[in-house]
Amino acid sequence: MNVAISDEPISLEFGNLVGAELDALMTRAASLRDGFHGRIQSYSPKVFIPLTHLCRDVCHYCTFARPPKRGETGYMTIDEVLTVARAGAAAGCTEALFTLGDKPELRYGAARDELARLGHETTFSYLAEAAGLVLKETGLLPHINAGVMGADDIALLKRVSVSQGLMLESASERLSQKGGPHYGSPDKLPSRRLETIRLAGEQSVPFTSGILIGIGETREERIESILALRDLHRQYGHIQEVIIQNFRAKPGTRMADAPEPDLNELLWTIAVARILLGAEMNIQAPPNLSPGEYGVLIEAGINDWGGISPVTLDHVNPEAPWPHLEALRRETASAGKILTARLPIYPAYYHDNPRWQDPALIPRILQSADSHGWGRNDSWAPGIAVTPIAPAKAGPGERPDPIVVDLVAKAVSGAGLDEGEITTLFGARGVDFEYVTDAANRLRTKINGDVVTYAVNRNINYTNICGYKCRFCAFSKGKTHEALRGVPYDLDLSEVARRAVEAWDLGATEVCMQGGIHPDYTGETYIELCRTVKRAVPDMHIHAFSSLEVQQGAATLAMPVADYLVRLKEAGLGTLPGTAAEILDDEIRDTLCHDKLNTQEWLDIMEAAHKVGFHTTATIMFGHIEEPKHWARHLLRIRALQARTGGFTEFVPLPFVHMEAPMYLKGTARKGPTFRETVLMHAVARLALNPVLTNIQVSWVKLGREGVRVCLEAGANDMGGTLMNESISRAAGTEHGQELPPLEMEALIRSLGRTPRQRNTVYGPVSDERHAAGRVAEELTPIILTPPKPIRRKQSANA
């Protein structure tokens with residue numbers, strides 16, 4: 001990944017930039033920024049950990065550095081570090097910012113003695129221990145500002161931090177001469193600082209740098225400093241953000257009476273940095289150093305506020321408190337931007353983790369990120385019994401992005417959206433999120449009215465033995481799955497029949513049958529399962545067999561898929577679930593389920609089913625390793641097939657339940673979608689599939705009751721089945737139960753002012769007798785999990 005940098009400023013000639021009209025510079029800078037970053041204005045929720053204030057340098061403006069004092073420790077203890085970090089984690093922070101003085105042990109014997117007592121020879125070594133423990137104990141992601149470093153120091157710290165930083169401050173050697181602010185500070189020599197930044201690039205470390213303005217440099221020298229950073233970034237692509245920081249005079253320093261740069265100087269520098277560094281660069285201006293000027297800073301071209309802490313002060317500028325986040329959100333919104341939490345690494349670096357990160361850190365990053373690479377904003381995850389936090393409502397005067405408004409109008413008209421347009425809607429946040437979900441809900445009202453449908457059904461998972469190696473599956477048992485919860489089973493047909501009869505007695509109109517791909521199963525196995533249910537309960541609707549089971553059944557009987565589907569229909573199969581779809585994009589399937597059906601095979605089997613007269617559902621399993629562009633491709637493929645066949649009855653978003661999933665336990669997946677992403681999946685599906693697919697289902701077993709409420713007001717109109725004995729999500733770790741009885745489901749629906757209606761599998765009415773039978777509140781008989789027989793043969797290569 002190499003971030004592109006602009007080659008087309010107003011003019012690269014110093015004279016033209018130095019004397020350029022400020023409004024013109026700012027207009028150009030803002031236009032560049034908006035063309036790439038859009039409405040996102042990011043910040044990093046952080047804690048500030050000043051591991052030591054000792055420093056061998058004597059910068060004339062600094063109050064952070066302090067000499068040793070008798071009776072005082074020079075370094076924070078590990079317990080003190082962890083106390084701060086834990087407070088940050090509890091407050092929802094994701095970044096632990098370690099800032100410290102440059103190599104104090106080279107100047108102070110007291111520093112060397114204290115390090116020895118701590119068991120270390122260098123500050124860098126102690127820093128690595130502290131950062132590693134913060135990562136391990138709290139999950140916060142360390143970002144390290146450790147001063148000038150050599151290659152070995154950078155390598156050591158890369159193992160325990162996701163990003164590092166060093167302010168260039170200025171490329172002017174003049175400032176290090178006698179009388180200058182950096183005189184007597186060997187680590188402030190520009191050549192040394194630029195060499196550290198270069199070495200970080202060689203080791204692919206996501207890096208923060210920047211300049212400090214108003215310390216005696218000229219505008220020309222600022223341009224030279226920006227160009228020096230640009231040159232390094234062009235070579236290595238590692239500078240993820242550039243900070244434009246304005247000097248603040250501090251009492252007790254040699255520069256206490258020095259004039260501070262005025263606002264126009266700050267704005268000029270920000271705009272020039274944006275023009276020189278280009279649209280994609282992240283440019284930051286600390287908000288606490290320019291209180292009350294947030295809007296004009298945004299106008300100048302920044303797209304990031306930097307780290308903001310709800311727990312700790314700014315130890316470098318302790319006189320300047322952080323703005324309150326809600327106030328900053330309002331001010332950011334008034335400038336037409338949406339405040340968005342990020343990680344210490346930006347999304348471009350998140351999406352290329354293997355290049356930029358030590359492998360041991362990637363699981364921690366994945367746990368902290370959403371699908372775009374921004375920070376997760378709460379502790380909710382699918383299947384966890386935590387009440388979701390709905391995104392805040394827009395404030396007075398906040399307006400949606402005109403691009404979003406136009407895309408929603410296009411979708412509502414039924415014209416259809418393309419991949420980029422759908423991906424844009426999946427990125428909606430703040431007022432744009434509210435606009436998209438409200439529009440989806442209005443469209444649902446127009447199409448479905450206020451009715452919320454549901455079915456009374458029972459899940460019968462006939463075996464959890466499977467020869468496939470899907471990396472997300474916590475249900476199946478095979479050679480690689482023995483450690484997962486539950487025991488292997490292969491139900492006797494008598495148990496299948498018993499469960500079907502019991503379900504009918506309790507009001508069910510459908511049994512949903514799926515299982516692992518057992519190596520001993522043939523096409524006759526699935527046919528016999530259908531016959532068993534029909535013999536036991538002739539009127540029971542059978543909704544069964546994923547496209548993978550259909551493929552296996554056909555292959556074992558050496559039959560074309562279409563012919564095998566006809567045999568299943570003759571045996572009593574009524575409809576097919578659209579599971580095994582996962583993400584319909586082979587870029588993801590090659591990792592997620594490489595030995596399973598590919599995208600086209602899944603689509604072909606669904607189309608074949610529709611052509612022989614079956615209706616099927618369509619699903620998506622999202623929130624693991626994919627990106628929103630893959631969701632868009634999935635929806636487009638579903639829409640295209642539905643436009644040809646009309647065979648899908650509903651679209652069912654299935655958020656990834658991570659707790660017991662093998663790929664999550666191995667550290668290679670996120671912990672499911674965020675709640676915002678989950679709600680958007682239902683809303684965007686409603687819009688993107690309009691008008692060809694009109695039922696959007698919400699999964700109560702994955703979202704819980706409160707999650708269902710929100711999705712039913714964001715485009716969903718169906719709650720699926722009552723389920724009785726749901727076991728696949730339960731195996732993955734969901735805590736929302738195995739059944740939601742009809743009376744409870746109807747009470748939830750009525751609490752939203754909506755009308756519940758029991759349906760059959762294909763959205764038709766049910767008889768009064770079936771409706772009444774579903775109100776019988778009887779306990780299910782304990783299930784019998786028939787132990788499996790020894791596997792007789794290897795799975796067919798074609799299955």
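Keep in mind that this is a model prediction, so the values were computed, not measured. (Residues numbered from 1 in each chain as written. Predicted model: local features only at pLDDT ≥ 70, side-chain atom pairs only at ≥ 80, totals over all residues. Heavy atoms only, no water.)

Enquirer: Looking at this structure, how should I read the confidence of the model for the protein chain?
Expert: Low-pLDDT stretches of the model should not have their predicted coordinates read in fine detail. Mean pLDDT for the protein chain: 91, with 93% of residues reaching 70 or above. Within the model, the stretch residues 479–485 combines pLDDT values under 50 with 16 contacts to residues more than four positions away or in other chains. (pLDDT = per-residue confidence, 0-100. Contact = heavy atoms within 4.5 Å.)

Enquirer: Would you take a moment to explain unusual backbone geometry for this structure?
Expert: Cis geometry marks the peptide bond from N690 to P691, where omega comes out at 0°. Mapped onto the fold, P691 is located in the loop between α26 (675–688) and α27 (700–712). With phi around 70°, E169 is a residue other than glycine that occupies positive phi space. Relative to the assigned elements, E169 resides in the loop between β4 (163–165) and α7 (190–202). The residue A580 is not glycine, and still its phi comes out positive at about 70°. (Helix = DSSP H or I, 4+ residues; strand = E, 2+ residues; numbered from the N terminus.)

Enquirer: Help me understand the pattern of salt bridges in this model?
Expert: Pairing of side chains with opposite charge becomes possible as their charged atoms draw close. Inspection of the entire model under this criterion finds 47 salt bridges. Its salt-bridge partner being E169, residue K188 comes within 3.1 Å of it at the nearest N-O pair. Note that K188 is positioned in the loop between β4 and α7 and E169 in the loop between β4 and α7, a separation of 19 residues in sequence. For R329, the salt bridge is made with E326, and the minimal N-O distance between the two is 3.1 Å. Residue R329 and its partner E326 are located together in helix α11 (residues 325–334), separated by three residues, close to a single helical turn. Classification of R329 by relative accessible area gives partly exposed; the value is 23%. (Salt bridge = Lys/Arg side-chain N within 4 Å of Asp/Glu carboxyl O. Buried < 20%, exposed > 50% of the residue type's maximum accessible area, 1.4 Å probe, protein only.)

Enquirer: Is there a simple way to explain the pairing of strand β1 (residues 40–52) in this structure?
Expert: A regular strand places its side chains on the two faces of the sheet in alternate fashion. Burial runs high along β1: 13 of the 13 residues are buried. In terms of strand pairing, β1 meets strand β9 (residues 338–341) through four bridges, oriented parallel. Across the sheet, the residue bridging to S42 is T340, located in β9. Relative to strand β8 (residues 304–308), β1 runs parallel, the two sharing three bridges. Paired with P45 across the bridge in β8 is I308. Inspection of the sheet shows β1 paired to strand β2 (residues 95–100) by six bridges, in the parallel sense. Looking across to β2, one finds that T52 is bridged to L100. Regarding the hand of the β-α-β motif, the stretch spanning β1, helix α3 (residues 78–90) and β2 is right-handed. (Pairing = 2+ DSSP bridges. Right-handed = clockwise from strand over helix to strand, strands pointing away.)

Enquirer: Hey, could you run me through the packing of aromatic side chains in this one?
Expert: Both the distance between ring centres and the angle between the ring planes are used here to describe each pair of aromatic rings. Scanning the entire structure with this criterion turns up 12 aromatic pairs. Taking the centre distance of 5.8 Å and the plane angle of 75° together, the rings of Y521 and Y526 count as edge-to-face. The exposure class assigned to Y526 is buried, which follows from its relative accessible area of 1%. Each residue in the set Y462, Y521, Y526 and F545 is aromatic and connected to the rest through ring pairs, giving one cluster. (Phe/Tyr/Trp six-rings, centres within 6.5 Å; stacked < 30°, edge-to-face > 60°.)

Enquirer: Would you explain helix α6 (residues 151–158) in this entry?
Expert: Three- or four-residue spacings in an α-helix give side chains the same orientation, since the helix completes a turn every 3.6 residues. When we look at burial in α6, the residues that qualify are I154, L157 and K158. Burial along α6 is one-sided: seen end-on, the buried residues are contained in an arc of 105°. Those residues of α6 that are buried are in contact with α5 (123–138), β3 (141–145), β4, α7 and α13 (353–356). (Arc of directions from axis to C-beta.)

Enquirer: Mind showing me how you'd approach the environment of E299 here?
Expert: Among the structural elements, E299 can be located in helix α10 (residues 294–300). With relative accessibility at 48%, the residue E299 sits in the partly exposed group. In this structure the C-alpha to C-alpha distance between E299 and D23, which are 276 residues apart in sequence, comes to 9.5 Å. Apart from residues lying up to four places away in sequence, E299 is in contact with M26 and A30.

Enquirer: Mind showing me how you'd approach the sheet that holds strand β17 (residues 718–721) here?
Expert: Strand pairing in a sheet takes place through backbone hydrogen bonds and is either antiparallel or parallel in direction. The three strands are arranged β17-β10-β18 in an open sheet whose pairing can be described as parallel. Pairing within the sheet leaves two strands with one partner each, and these edge strands are β17 and β18 (755–758). Averaged over all pairs of adjacent strands, the angle between strand axes in this sheet comes to 20°, irrespective of strand direction. Across two bridges, strand β10 (residues 451–455) lies against β17 in parallel orientation. (Axes fitted to C-alpha atoms, helices over the stretch in contact; angles between N-to-C directions.)

Enquirer: Would you take a moment to explain the state of the cysteines for this structure?
Expert: Disulfide: a covalent bond formed between the sulfur atoms of two cysteine residues. All told, the structure shown has zero disulfides when counted by the stated rule. Take C62: it sits in no disulfide, and the sulfur closest to it among the cysteines is that of C59, at 5.9 Å. Free of any disulfide, C530 has its nearest cysteine sulfur in C512, 12 Å distant. Accessibility expressed as a relative area gives 0% for C530, which makes it buried. (Disulfide = S-S within 2.5 Å.)

Enquirer: Whenever I open this one, the pairing of strand β16 (residues 648–655) confuses me. Can you help?
Expert: Counting buried positions over the eight residues of β16 gives eight, a clear majority of the element. The pairing of strand β15 (residues 615–622) with β16 spans six bridges and is classified as parallel. The residue of β16 that forms the bridge with F622 is P655. With respect to chirality, the unit in which β15 leads through helix α24 (residues 628–645) into the neighbouring parallel β16 is right-handed.

Enquirer: Would you mind showing me how to read the sheet that holds β16 here?
Expert: Pairing is parallel across the open sheet formed by six strands, whose spatial order is β11-β12-β13-β14-β15-β16. Of all the strands in the sheet, just β11 (457–461) and β16 have a single pairing partner and so form its edges. Neighbouring strand axes in the sheet, compared pairwise and without regard to direction, differ in orientation by 30° on average. Pairing of strand β13 (residues 541–544) with strand β14 (residues 573–576), which is carried by two bridges, proceeds in the parallel orientation. Opposite I542, over in β14, you have L573 as the bridge partner.

Enquirer: Got a minute to help me understand the environment of S161 in this structure?
Expert: Here S161 is to be found in the loop between α6 and β4. What makes S161 buried here is its relative accessible area of 2%. Leave out the neighbours within four places in its chain, and S161 touches P142, I144, Q357 and L361. Within the structure, the side chain of S161 is placed 2.7 Å from the backbone oxygen of L157, a separation counted as a polar contact. (Polar contact = N/O pair within 3.5 Å; in protein donor to acceptor, adjacent residues only side chain to side chain.)

Enquirer: Would you mind going over the nonpolar core with me for this structure?
Expert: The nonpolar side chains of a soluble globular protein tend to be buried, and buried together. V436, M513, F545, W602, F651 and M719 are the most contacted members of the largest nonpolar core, which totals 111 residues. The leading source of residues in this core is α26, at nine residues. Excluding anything up to four places from it in sequence, M719 contacts V452, T453, Y454, Q697, V698, W700, V708, L712, L740, M745, L748 and I749. Residues F207, L229, I239 and L297 belong to the second largest nonpolar core, which totals 83 residues. (Core = buried A, V, L, I, M, F, W, Y, C linked by side-chain atoms within 4.5 Å.)

Enquirer: Where do I start with α3 in this structure?
Expert: With 13 residues, α3 should cover 18 Å at 1.5 Å per step; its first-to-last C-alpha distance of 18 Å lies within 8% of that length. Positive phi shows up at G92, right after α3, with a value of about 90°. (Expected span 1.5 Å × (residues − 1).)

Enquirer: Can you walk me through the side chain of R33 in this structure?
Expert: Relative to the elements of secondary structure, R33 occurs in helix α2 (residues 22–37). Beyond its immediate chain neighbours, meaning those up to four positions away, R33 contacts G38, R274, A279, I298, G301, I302, N303 and K337.

Enquirer: Mind showing me how you'd approach a negative patch on the surface here?
Expert: On the surface, a cluster of negative charge is contributed by D586, D590, E601 and D604. Breaking the negative patch down by element, the ones donating at least two residues are α22 (586–592) and α23 (599–611). Following the sequence through the fold, D586 ends up in helix α22. The partly exposed category is assigned to D586, whose relative accessible area is 31%. (Patch = residues over 30% accessible without salt bridge, like charges linked within 9 Å, V, L, I, M, F, W, Y side chains within 5 Å. Areas by Shrake-Rupley, 256 points an atom, 1.4 Å probe, with all protein chains shown as cover. Lys, Arg positive; Asp, Glu negative; His and termini not counted. Charge placed at Lys NZ, Arg CZ, Asp CG, Glu CD.)

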